[in-house]
Amino acid sequence: MAYNKQDLTEMVSESAVDRRVYIDPDIFELEMKRIWGRAWIYVAHESQIPRPGDFFTTVLARQPVLLVRQDEEHVNLFFNRCAHKGAKVVELESGRASLIRCGYHGWTYRTDGSCHSITGGEQAYASQGLTKSSPCMSLGRVPRVDSYRGFIFASLASDAPQLRAWLGPTATSIDNMVDRSPEGKLEVTGGVLRYHHDSNWKFFIENLNDMMHAMIAHQSSAQTARVIGKRLFPEGTTAPPEIQILAPFAEDKDFFEKMGVHAFDNGHSYSGGKTSIHASYSGIAEYDAAMEKVYGKKRTNEILSLNRHNTIVYPSFTCKGAIQTIRVVKPVAVNETVIESWTLKLVGAPDEMLHRSILYCNLINSSANIVGPDDYEAYHRIQHGLRTEGRRWIANSRYVGAETPNDEGGYSATGSSDMVFRNQYRTWLNYMTGEQAARGERAS
Amino acid sequence: MAYNKQDLTEMVSESAVDRRVYIDPDIFELEMKRIWGRAWIYVAHESQIPRPGDFFTTVLARQPVLLVRQDEEHVNLFFNRCAHKGAKVVELESGRASLIRCGYHGWTYRTDGSCHSITGGEQAYASQGLTKSSPCMSLGRVPRVDSYRGFIFASLASDAPQLRAWLGPTATSIDNMVDRSPEGKLEVTGGVLRYHHDSNWKFFIENLNDMMHAMIAHQSSAQTARVIGKRLFPEGTTAPPEIQILAPFAEDKDFFEKMGVHAFDNGHSYSGGKTSIHASYSGIAEYDAAMEKVYGKKRTNEILSLNRHNTIVYPSFTCKGAIQTIRVVKPVAVNETVIESWTLKLVGAPDEMLHRSILYCNLINSSANIVGPDDYEAYHRIQHGLRTEGRRWIANSRYVGAETPNDEGGYSATGSSDMVFRNQYRTWLNYMTGEQAARGERAS
Amino acid sequence: MAYNKQDLTEMVSESAVDRRVYIDPDIFELEMKRIWGRAWIYVAHESQIPRPGDFFTTVLARQPVLLVRQDEEHVNLFFNRCAHKGAKVVELESGRASLIRCGYHGWTYRTDGSCHSITGGEQAYASQGLTKSSPCMSLGRVPRVDSYRGFIFASLASDAPQLRAWLGPTATSIDNMVDRSPEGKLEVTGGVLRYHHDSNWKFFIENLNDMMHAMIAHQSSAQTARVIGKRLFPEGTTAPPEIQILAPFAEDKDFFEKMGVHAFDNGHSYSGGKTSIHASYSGIAEYDAAMEKVYGKKRTNEILSLNRHNTIVYPSFTCKGAIQTIRVVKPVAVNETVIESWTLKLVGAPDEMLHRSILYCNLINSSANIVGPDDYEAYHRIQHGLRTEGRRWIANSRYVGAETPNDEGGYSATGSSDMVFRNQYRTWLNYMTGEQAARGERAS
Amino acid sequence: MRAGPTLQALEQYLYREARYIDEKRWDEWAALFADEAEYWVPASRGQPDPKNHVSLIYERSLLRDIRLQRYRHPNAMSLQPQPYSVHLISNVMLDSFDGDSGVCVVNSRFIMLEYRRDEQRTFGGAVTHTLEISDKDWRIRVKKVELVNCDSTLGNIQIYF
Amino acid sequence: MRAGPTLQALEQYLYREARYIDEKRWDEWAALFADEAEYWVPASRGQPDPKNHVSLIYERSLLRDIRLQRYRHPNAMSLQPQPYSVHLISNVMLDSFDGDSGVCVVNSRFIMLEYRRDEQRTFGGAVTHTLEISDKDWRIRVKKVELVNCDSTLGNIQIYF
Amino acid sequence: MRAGPTLQALEQYLYREARYIDEKRWDEWAALFADEAEYWVPASRGQPDPKNHVSLIYERSLLRDIRLQRYRHPNAMSLQPQPYSVHLISNVMLDSFDGDSGVCVVNSRFIMLEYRRDEQRTFGGAVTHTLEISDKDWRIRVKKVELVNCDSTLGNIQIYF
Ligand code: FES
Ligand code: FES
Ligand code: FES
Ligand SMILES: [Fe+3]
Ligand SMILES: [Fe+3]
Ligand SMILES: [Fe+3]
């Protein structure tokens, strides 16, 4: 059905959402236009295209796009569509080329998107007053592209706000991740894990800062790791990273309440801060030394003691500064979502740091491992449970009104509060009904 | 397209139906709301959940539901959806539990649906004036549940009529099945066969009382069985059950005309009565003895001589009293239907009776056997044949007006009459356009 | 969305089309009604059903149809739908039968479509005043069927124009193909290749007369064939057919410009004429002799020197007279199309001619070979590239206005002109918005 | 008391059985079975017996005859067009062999691709053959096919696994 | 007149051939074929010959060369990204062996999983290898692949079976 | 310096390993692995190592223990209902054998059908087993599984290949 502003408004109350936001294909299509077609969406990290001519292809709100480095300064993001008949110009996921060539008729483009050659000759278009320099002969540019400390975001809305401002306090999660490199430099490395989910994208984005699920949903893995860990590595000995990574998922309620959650404008949020499930990883002496050499003891301590759990840049980007991995959200359909996990290398840090990040990714984010599958199953069960028409609403009413302003200009609450979800849906409704939305639609 | 009352009315004439009722996805969606969302739908048999805590999960008009035995007296049917975030609470098909636990955050429920524990504590909802005892914290109940002699039905419409009255004379088919147990007790046993069909649910429900198809569509199996049977088991000898089960499908036209068809309110019907394809199975002495011991000769004879072929409780339940099997209809999509075949054990009867029922199920209802596949193929061919736009109507006009009132308050006709189909579509139109329908929709 | 005349008109400009014509399912549904439900669609060749009772089944605008030869003179085309309950009457692709029998209830039909027998007897319909001779008891006929020199076309629109007139000058491509048989007789033989494409049907129909793609898209095969051919078969020696077939795809731009394109009413067109990629196949002495024996030197020369590349009878039929193969378009969904390749034997010609046609089919039209896959990939990339919303239009503006009237009543242009595409979309718009369209819809 | 069969001989025997099915050589296939030999495809995991619980297929000679005859019947709607199969047999292991009776139990894995009317489907599972081996001939006494999805919702299955 | 090959030797030979394909070792693969050896994938069941009826593939040395060269061409659009394969070969049976000519006919079954651009497909069928066996080397004279769905509607196929 | 294993012995060993997985005989399966033996499923083609690049699975004893324990945990949501598997192992080839150390490298192909909750999926690829062979026992030192679609977008995988 076609939803009007009124319909949409009625789908989100202060403390609950209508089940249709997760299961109705028409809502999903609107989200693609009004949320994913308006917000800043994560594209890639600059380290993935270091040299002029390096390219990387991905999708933006399901539309194929092409990221190309033109030179030191310029990184261009194009719609991956030939100016001729509209074929995807680049099919490979990444590579390097001085000229971008379309396979169908061989038109070529420069890394700035301008047309370099037209098979059969440009004179064919003379009667139209067109040459290969005419704008319509070049690759189309995505309206907005900007990057923050190497993280490239794009928006399909030409009037999107400035990126840094839009990120708000979540920018500090990125800062902290960068600061953790003795050289203040991150590098995407170690490949990617692409995890297909048969459920709506919002389940994932809600789950990351859902402090109450880990100790239950991941009990079979984390509790088991604790038991085996205790047996093999008694008090006084140091458990290996595998145990240090898995065991904290089974921390008790108080632990997760204490981690706390923090919400900000535009639907952003993070959990943890003073502590998180990453807080008690063994230090790596060589790394600490490298950090102190650059930052000094105090600042190093500051950096490393910032222990955020998950940071969510709504709707597409999430990161874990303490373990240097990011997870990117790629909606496919109302009940289909791909989550990509990328690992970031702390340039200047010992390999051991990277190895731990890689290990973390394997254990938590691989579709073949023992943590992600239980989250996957939870989303799957909601996707199907919500088919029941007995109840319309899903409540997000834990600790309504109990949030307190924090000094970053957002609000904080105890870990089990639904504040983060309420904040996400306030933003959701804004996008879905806002003036911007209307403009957003004209864009397509 | 969105159909209004007028459109729907024009799809059903006294003796024909519009092809769109079988192939239009929008019609199917309306059926789910107005027919499957209003009528009494078969859920399960009480013997499947004998002990307190026993549960069974299934779907009602595509919505997951959870059947739980609370105690001797109470059997509860809930929407299988957690009161927290909406996950399916129980994923397994059947089992036993004292507390029902949701896997995502571990909320637990009692077998009466009330909330037993909220992970993170109920105090989180205090500001909303909610406790775990608040109605919204418990599992939602399906509006109506009732059972007739152990057969549990449910309706999504709170104002559905009383079950027994709604069943009408088809209740006597259930009675007869129960009476066939020397102890007056049935028990679901021997597993289930789930048969996936790539066609509309109505083809199946029409086919069961379509007396003209068996001798043709099942000729390759039944005629072959007759020939081989005659060769191996000449006059005078007794053919084994395999032959006794298969051969009658190839009886001639007169046989099927004589079986006759009988139609009743609410779209219900049955075929056969005095005779059926089950009529000439060899008696099992030990069983007859057991029956006569309880019922006496005369009554036993009454019970066993009632020889109905298929009884249809429109739209979801069909049974064969004479061989104690039921087939349950589960629509999935406009061109997708699952048929479940369950076997009922006559408590107190010799195993031989069960073995024959099981054998019957294997031979007729298994997707890997030699009878069902030809019905499947017939439905498939109609599903595709009706794509042709050359003709709009499918006629159900055999022996229009030739039906006669029967003493059960319905109408009877010769086997090849289309009366049963006409009756089904009269009911179909009632559901689809009736006042109730309107209310039915509000319910969702 | 539901498109009105205005919307559709805005989708096609003089020199460009809106991307939605290729990717919008609603447009596709309209095309099935208004284009495929109005135009003459190719069905089969008479040689496929030589004897009375021979039948062939296929689809017409996705509707199953049944072609049956009644006798020497009469070939009948029926909707493949039983007059009883609507089952597909014939499921096999081809065969022979004196009576056509439906598998579900065994009704039988004569080869003229009239009902021969009704299971259970026609008297059941007496009260309706119906007998088996009543029109509604026979197989429904497709409104229009006609054939041109053995090629059978049909239309779902009873008021479609006369076939020969509608074919216009493209009829001469068929003439030439027939003339190439010393006996003036063609015979479909050697089976069929069915090639599934995951893209819109119009990409194929545009690609055939897209002169600029071959040298680029097929470079990896054709250029390789040239190089290997040159190495193995130096100047003076004759390259084998494999090389002669593959190499010309890599001819240069001028070659393809010279081939030229020619467009006509109703969206029809052909490319080549004086020359084509088939022009320099080695002559086959025995064949030339056979031809000259019948036609004489001059006429033979005339016939064989007509070197058309692809002829398109919009929207369903394409042929290559010079190599005697046809490709038939079968749309399945907005992004799904099946292309069938059939081979025609020149009756009276040496087997070598057939062998070359077969070889051509294998090399170019088989889904497992080395030319088709690159076309397939090109269509696939457009289907996905057009998802991008950055640009609405696909230009067909090469050499706008540079076409010149030809003496067949159409227009001709240099090979790289987009004239053929502009002509196709002029026709497309006519069908989609025309008066006929309106009538076309009532038909269903 | 005779010597056990070689694994290779067992493999070749199972390959031959599968080939008869793929090539629709039904008489040769049926001839591999001993009198009253069972062909059993349970409908649930670890199903204890075929009498008290439904099966996808439970056949002995009589039903096998009927099915094979039906394959030749002109009006077998669901067999027009015909289904086709290709069986891969692997992981052949000899679980037991009784030198006196010549009875051996052979465990294997299979995948069958089935094709009909433009649709290809994949079936697979574990198979247990109980064979009677003598010098003059080998016979199948029981062929039990445990599909990996035996308790799934299944459409028409019309070829032997 | 030489002795016949062992089944194990035949299996290992077919495994090696399949492995060359999966590992894209095209030169080694091509070297297994005798001059003018045929690689044939019929487009219909029991297709009698490749000359008068279309085939999915019918190649001898020349076309094989062209295809293998094409694999290396920078502008082979439909090969970017590459397809990948894994072949399972089973049910290897020696149908005939001529001791004088060294020609043997080997029947096998295969399943190939093909993967390209996030889509995995399953192909399978029966294969007949006609081999020329001598002490110094073994060559393939004919490889005939009968797909279970040979007459189906098929999308791009770009890897050898 | 000892003699190499026969291909048949290797096949039977791999069949047994696969069977333990299909039959969920986890203790017996785990016992086949040497201490700290690696089970590795790379996430990209020709992935050089498991430390600097993500993998679908990279386990040694500790993680294997945890996973196998988890299989028995009552609250493992994603294992209710259970997944089931059938493995076909084929194309077994002995790539190398060191007579002194008893280390041999075995290459094979597999297809696994996985079934859970009414959905059947097909996985396949090449497997390299590094075995330590002694007279008293055989142990797996490394099992490396190269899925044909290792770099694809994949849903839950919860059974060992
Ligand atoms: S579509 Fe790209 S060059 Fe023609
Ligand atoms: S969804 Fe059930 S406990 Fe949270
Ligand atoms: S549907 Fe054809 S005879 Fe009944
Ligand atoms: Fe989690
Ligand atoms: Fe039937
Ligand atoms: Fe082409």
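Heads up: the structure comes first, above all this text.
So, a few notes on the structure that sits alongside this text. Since the model is a prediction, treat every value here as computed from it, not as a measurement.

Scoring rules and cut-offs
- Residues numbered from 1 in each chain as written.
- Chains lettered and ligands numbered in written order.
- Predicted model: local features only at pLDDT ≥ 70, side-chain atom pairs only at ≥ 80, totals over all residues.
- Heavy atoms only, no water.
- Contact = heavy atoms within 4.5 Å.
- Core = buried A, V, L, I, M, F, W, Y, C linked by side-chain atoms within 4.5 Å.
- Buried < 20%, exposed > 50% of the residue type's maximum accessible area, 1.4 Å probe, protein only.
- Helix = DSSP H or I, 4+ residues; strand = E, 2+ residues; numbered from the N terminus.
- Donors = N, O, S within 2.8 Å, 3.2 Å for Na, K, Ca; no water.
- Buried area = accessible area lost by both parts, 1.4 Å probe.
- Salt bridge = Lys/Arg side-chain N within 4 Å of Asp/Glu carboxyl O.
- Axes fitted to C-alpha atoms, helices over the stretch in contact; angles between N-to-C directions.
- Parallel < 35°, antiparallel > 145°, perpendicular 65-115°, else oblique.
- Left-handed = near helix turned anticlockwise from the far one by under 90°.
- Nonpolar A, V, L, I, M, F, W, Y, C, P; charged D, E, K, R; others polar.
- Phe/Tyr/Trp six-rings, centres within 6.5 Å; stacked < 30°, edge-to-face > 60°.
- Lys NZ or Arg CZ within 6 Å of the ring centre and 35° of its normal.
- Pairing = 2+ DSSP bridges.
- Tetrahedral: all angles 85-135°; square planar, octahedral: opposite > 155°, others 65-115°.
- Expected span 1.5 Å × (residues − 1).
- Polar contact = N/O pair within 3.5 Å; in protein donor to acceptor, adjacent residues only side chain to side chain.

## Some details on the arrangement of the chains
Next up, step 1: There is a clear gap between chain A and chain D: no contact, and 18 Å between their nearest C-alpha atoms.
Next up, step 2: The smallest C-alpha distance separating chain C from chain F is 18 Å, and no contact links them.

## A few points about the nonpolar core
One recurring pattern in soluble globular proteins is that nonpolar side chains are buried together.
Next up, step 1: Ranked by size, the top nonpolar core spans 106 residues in total, and within it B:L67, B:F151, B:F153, B:F317, B:I326, B:W428 and C:Y109 carry the most contacts.
Next up, step 2: Sort the elements by how many residues they give to this core and helix 14 (residues 419–433) of chain B lands first, with 5 residues.
Next up, step 3: Once you skip the residues sitting within four places of it in the chain, B:F153 turns out to touch B:W40, B:I41, B:Y42, B:V43, B:R144, B:V145, B:D146, B:S147, B:L163, B:L167, B:V313 and B:F317.

## Side note on the coordination of the iron ion (ligand 4)
Residues and elements named next belong to chain A.
Next up, step 1: Binding of the iron ion (ligand 4) to the protein goes through H213 (NE2), H218 (NE2), D375 (OD) and D375 (OD), at separations of 2.1 to 2.5 Å.
Next up, step 2: Between consecutive donor residues of the iron ion (ligand 4), the sequence gaps follow H-x4-H-x156-D. Like H218, H213 is buried.

## Notes on the interface of chain B and chain D
Next up, step 1: Listed by partner, the interface residues are 41 residues for chain B and 32 residues for chain D.
Next up, step 2: Around 3100 Å² of area is buried between chain B and chain D when both sides are counted, 58% of it from carbon and sulfur atoms.
Next up, step 3: Area buried by chain B at its contact with chain D is led by B:S220, B:A368 and B:I370, which between them contribute 16% of it.
Next up, step 4: Counting across the chain B and chain D interface gives 3 salt bridges.

## Points about the packing of helix 8 (residues 219–232) of chain C against helix 3 (residues 61–71) of chain E
Next up, step 1: Look at helix 8 of chain C against helix 3 of chain E: their axes get within 9 Å of each other, and the N-to-C directions meet at 130°. Judged by the inter-axis angle, helix 8 of chain C sits oblique to helix 3 of chain E. Along this stretch, helix 8 of chain C crosses helix 3 of chain E, giving a crossing that reads as right-handed. Taken together, the residues of helix 3 of chain E that come into contact with helix 8 of chain C (itself represented by C:S220, C:S221, C:T224, C:A225, C:I228, C:R231 and C:L232) are E:L62, E:D65, E:I66, E:Q69 and E:R70.
Next up, step 2: Grouping the constituent residues of the contact of helix 8 of chain C with helix 3 of chain E by class yields 5 nonpolar, 4 polar and 3 charged.

## Notes on the packing of aromatic side chains
Next up, step 1: Within the structure shown, the criterion is met by 78 aromatic pairs over all chains.
Next up, step 2: When the centroid spacing of 6.0 Å and the interplanar angle of 50° are considered together, the rings of A:W201 and A:Y314 count as tilted. In this pair, A:W201 is assigned in helix 6 (residues 201–207) and A:Y314 in the loop between strand 16 (307–313) and strand 17 (317–320), connecting sequence segments 113 residues apart.
Next up, step 3: Taking 5.7 Å as the distance between ring centres and 70° as the angle between the ring planes, the aromatic pair formed by B:F151 and B:F317 counts as edge-to-face. You can see B:F151 sitting in strand 12 (residues 151–155) and its partner B:F317 sitting in strand 17 (residues 317–320), a full 166 residues away along the chain. Each member of the pair, B:F151 as well as B:F317, carries the same accessibility label: buried.
Next up, step 4: A network of ring pairs unites the aromatic residues D:W26, D:W29, D:F33, D:Y39, D:Y71 and D:Y160 as a single cluster.
Next up, step 5: Of note, D:R67 hangs over the ring of D:Y160, and the distance from its end group to the ring centre comes to 5.3 Å.
Next up, step 6: If you follow F:R64 out to its NZ or CZ, it ends over the ring of F:F33, 4.5 Å from the centre.

## Some details on the pairing of strand 3 (residues 84–98) of chain F
Next up, step 1: Pairing between strand 3 of chain F and strand 4 (residues 103–116) of chain F: 12 bridges, direction antiparallel. By the bridge assignment for strand 4 of chain F, F:D98 is matched with F:V103.

## What to know about the coordination of the iron ion (ligand 6)
All names here are of chain C.
Next up, step 1: The protein atoms that coordinate the iron ion (ligand 6) are H213 (NE2), H218 (NE2), D375 (OD) and D375 (OD), at distances spanning 2.1 to 2.5 Å.
Next up, step 2: Classification of the site at the iron ion (ligand 6) rests on its 4 donor atoms, whose angles at the metal span 56 to 144°, yielding the label irregular.
Next up, step 3: Mapped onto the sequence, the donors of the iron ion (ligand 6) take the spacing H-x4-H-x156-D. Of this pair, H213 sits in the loop between helix 6 (201–207) and helix 7 (214–217) while D375 sits in helix 13 (residues 372–385), placing them 162 residues apart in sequence.
Next up, step 4: Take D375: its relative accessible area is 10%, and that puts it in the buried class.

## Quick word on helix 12 (residues 351–365) of chain C
All names here are of chain C.
Next up, step 1: With 15 residues, helix 12 should cover 21 Å at 1.5 Å per step; its first-to-last C-alpha distance of 20 Å lies within 8% of that length.
Next up, step 2: Most of helix 12 sits out of view: 12 of its 15 residues are buried.
Next up, step 3: The set of residues buried in helix 12 consists of M353, L354, R356, S357, I358, L359, Y360, C361, N362, L363, I364 and N365.

## Considering the interface of chain F and chain A
Next up, step 1: At the interface, 33 residues of chain F touch 41 residues of chain A.
Next up, step 2: In total, chain F and chain A occlude about 3100 Å² of area from one another, counting both sides; carbon and sulfur atoms represent 57% of this.
Next up, step 3: For the pair chain F and chain A, the interface holds 3 salt bridges.
Next up, step 4: Measuring nitrogen to oxygen at the nearest pair gives 2.8 Å for the salt bridge that ties F:R70 to A:D374.
Next up, step 5: Our count for the chain F to chain A interface comes out at 22 residue pairs in polar contact (both at pLDDT 80 or more).

## Let's talk about the sheet that holds strand 20 (residues 393–395) of chain C
All names here are of chain C.
Next up, step 1: With respect to topology, 3 strands assemble into an open sheet ordered 1-2-20, the strand pairing being antiparallel. Each having just a single partner strand, strand 1 (12–13) and strand 20 make up the two edges of the open sheet.
Next up, step 2: The pairing of strand 2 (residues 16–18) with strand 20 spans 3 bridges and is antiparallel. From the neighbouring strand, D18 faces strand 20, where its bridge partner is W393.

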